[in-house]
Amino acid sequence: MEQAVLQEKLTSSPFLAGASLPPEQVTAKRFRAGQIISDRPGGVSSVGMIVSGRVEVYSVALDGKDVQLNALTAGECFGVCNLLADTELETVLRCGEETEVLYIPKAVLLACMERDAGLAMRYAALCNRKLQFLLRRIELLTMQSCRGRLIAHLLEQQDEKGVVRLAGYRPRKCPGGSGPPSGGQPGRPFPGAVRAPVHGSGRGGRKFHSDPGPPVAGRTALSPL
């Protein structure tokens, strides 16, 4: 891989952008939707950076039940939590859609961090964000109310417009290009998108709805729920 191509791919990662990595030791791989991926391609312990696509992170219990913990998208990395610990990755990684991953051997990345204090500080910041994410997950799991869990999930997953899109969502249009999506009626929610919240029937005079009106979101707006 050429240096210019590598640097362009790294720009989407807050952690790896600008890192001086040897391009001959970085490999790119593409995976199909549903494919299980690892942080040890070819037996080499590596950090993976998602260039495009989505990787779903699952925890699998001893009884075989799995729980989705997170979904990683372009610019995010996996294999960083055990970068300094010689342990196996405790989670299962599955591609939610066609995905391209850059693999960086951990030994190469650690050597780069020893030379680049800025990269080491960005790694520390990334670990802090992951700790905060886990604390929020613990808080969510300890909530007794399903309503409270839903509100907390929507607050965490909403985008800048106050919309939460479920995994695998794809916008649909009528043949004429206007009106409600196929199979729906105006004012009724559709699978794959929710808006938090809009006025309508429901508890507290509000409901979660996929109508693409002006977004109203935030902790203050959701508190009456």
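In this text, all values refer to a predicted model and were calculated from it rather than measured experimentally. (Residues numbered from 1 in each chain as written. Predicted model: local features only at pLDDT ≥ 70, side-chain atom pairs only at ≥ 80, totals over all residues. Heavy atoms only, no water.)

## A look at the sheet that holds strand S5 (residues 66-73)
Taken together, 4 strands build an open sheet; the order of strands is S2-S7-S4-S5 and the sheet is antiparallel. Each end of this open sheet is capped by a strand with a single partner; those strands are strand S2 (36-37) and S5. In this sheet, strand S7 (residues 92-95) lies alongside S2 in antiparallel orientation, the contact comprising 2 bridges. Bridging across to S7, Ile37 finds its partner in Leu93. (Pairing = 2+ DSSP bridges. Helix = DSSP H or I, 4+ residues; strand = E, 2+ residues; numbered from the N terminus.)

## So, the pairing of S5
With 7 bridges joining them, strand S4 (residues 54-60) and S5 adopt antiparallel strand pairing. Pairing of Val60 across the sheet is with Asp66, part of S5. Hairpin remark: S4 followed by S5, antiparallel, with 5 residues in the connecting loop; positive phi at Gly64, about 90 degrees.

## Details of the sheet that holds strand S3 (residues 46-52)
With respect to topology, 4 strands assemble into an open sheet ordered S1-S8-S3-S6, the strand pairing being antiparallel. A single partner strand is all that each edge strand has here, and the edge strands are strand S1 (27-31) and strand S6 (77-78). Bridge analysis of S3 against strand S8 (residues 99-105) gives 6 bridges, and the strand direction is antiparallel. Residue pairing across strands places Val47 opposite Ile104, the latter belonging to S8. The strands touched by helix H1 (residues 3-10) are S3 and S8; relative to S8, the strand with the most contacts, the crossing angle is about 110 degrees. The strands that helix H2 (residues 106-115) touches are S3 and S8; relative to S8, the one it contacts most, it runs at about 65 degrees. (Contact = heavy atoms within 4.5 Å. Axes fitted to C-alpha atoms, helices over the stretch in contact; angles between N-to-C directions.)

## As for the nonpolar core
Among the nonpolar cores identified, the biggest contains 21 residues, and Phe15, Leu16, Leu21, Leu109 and Leu119 are the most heavily contacted of them. Elements that contribute at least two residues to this core include exactly H1, S3, S8, H2 and helix H3 (117-142). Not counting chain neighbours up to four residues away, the residues in contact with Leu109 comprise Phe15, Leu16, Leu21, Val47, Leu83, Ile104 and Leu119. (Core = buried A, V, L, I, M, F, W, Y, C linked by side-chain atoms within 4.5 Å. Buried < 20%, exposed > 50% of the residue type's maximum accessible area, 1.4 Å probe, protein only.)

## Focus on the side chain of Asp39
Mapped onto the secondary structure, Asp39 falls in the loop between S2 and S3. Beyond its immediate stretch of four places on either side in the chain, Asp39 contacts Val44, Ser45, Ser46, Phe78, Gly79, Asn82, Leu89, Tyr103 and Lys106.

## A look at the pattern of salt bridges
Note that side chains of opposite charge can pair when their charged atoms are close. In total, this model carries 7 salt bridges according to the counting rule given. The salt bridge involving Arg54 is made with Glu97; its shortest N-O contact spans 2.7 Å. Placement of Arg54 in strand S4 and of Glu97 in the loop between S7 and S8 is noted, with a sequence separation of 43 residues between them. The exposure class of Arg54 is buried, given its relative accessible area of 11%. Looking at Glu97, the relative accessible area reads 31%, which means it is partly exposed. (Salt bridge = Lys/Arg side-chain N within 4 Å of Asp/Glu carboxyl O.)

## Overview of the environment of Ala120
In this fold, Ala120 is placed in helix H3. Relative accessible area serves as the criterion here: at 28%, Ala120 is assigned to the partly exposed category.

## Details of the packing of aromatic side chains
Ring pairs (aromatic) are described by centroid distance and by the angle formed between their planes. A full pass over the atoms with the stated rule returns 3 aromatic pairs. A centroid spacing of 5.9 Å and a plane angle of 45 degrees characterise the contact between Phe15 and Tyr123, whose relative ring orientation is tilted. With Phe15 in the loop between H1 and S1 and Tyr123 in helix H3, this residue pair connects regions lying 108 residues apart in the sequence. Phe15 gets classed as buried once you look at its relative accessible area, which sits at 2%. Summarising the aromatic geometry, the rings of Phe78 and Tyr103 are spaced 6.1 Å apart at their centres and angled 80 degrees between planes, so their arrangement reads as edge-to-face. Of this pair, Phe78 sits in strand S6 while Tyr103 is found in strand S8, placing the two residues 25 residues apart along the sequence. Exposure remark for Tyr103: the relative accessible area of 2% places this residue in the buried category. Chaining the aromatic ring pairs together yields one cluster made of Phe31, Phe78 and Tyr103. (Phe/Tyr/Trp six-rings, centres within 6.5 Å; stacked < 30°, edge-to-face > 60°.)

## Thoughts on the confidence of the model for the protein chain
In the predicted model, the protein chain carries a mean pLDDT of 77, and 73% of its residues have values of at least 70. Taken together, the stretch residues 178-217 has pLDDT below 50 and engages in 84 contacts with residues farther than four places along the chain or on a different chain. (pLDDT = per-residue confidence, 0-100.)

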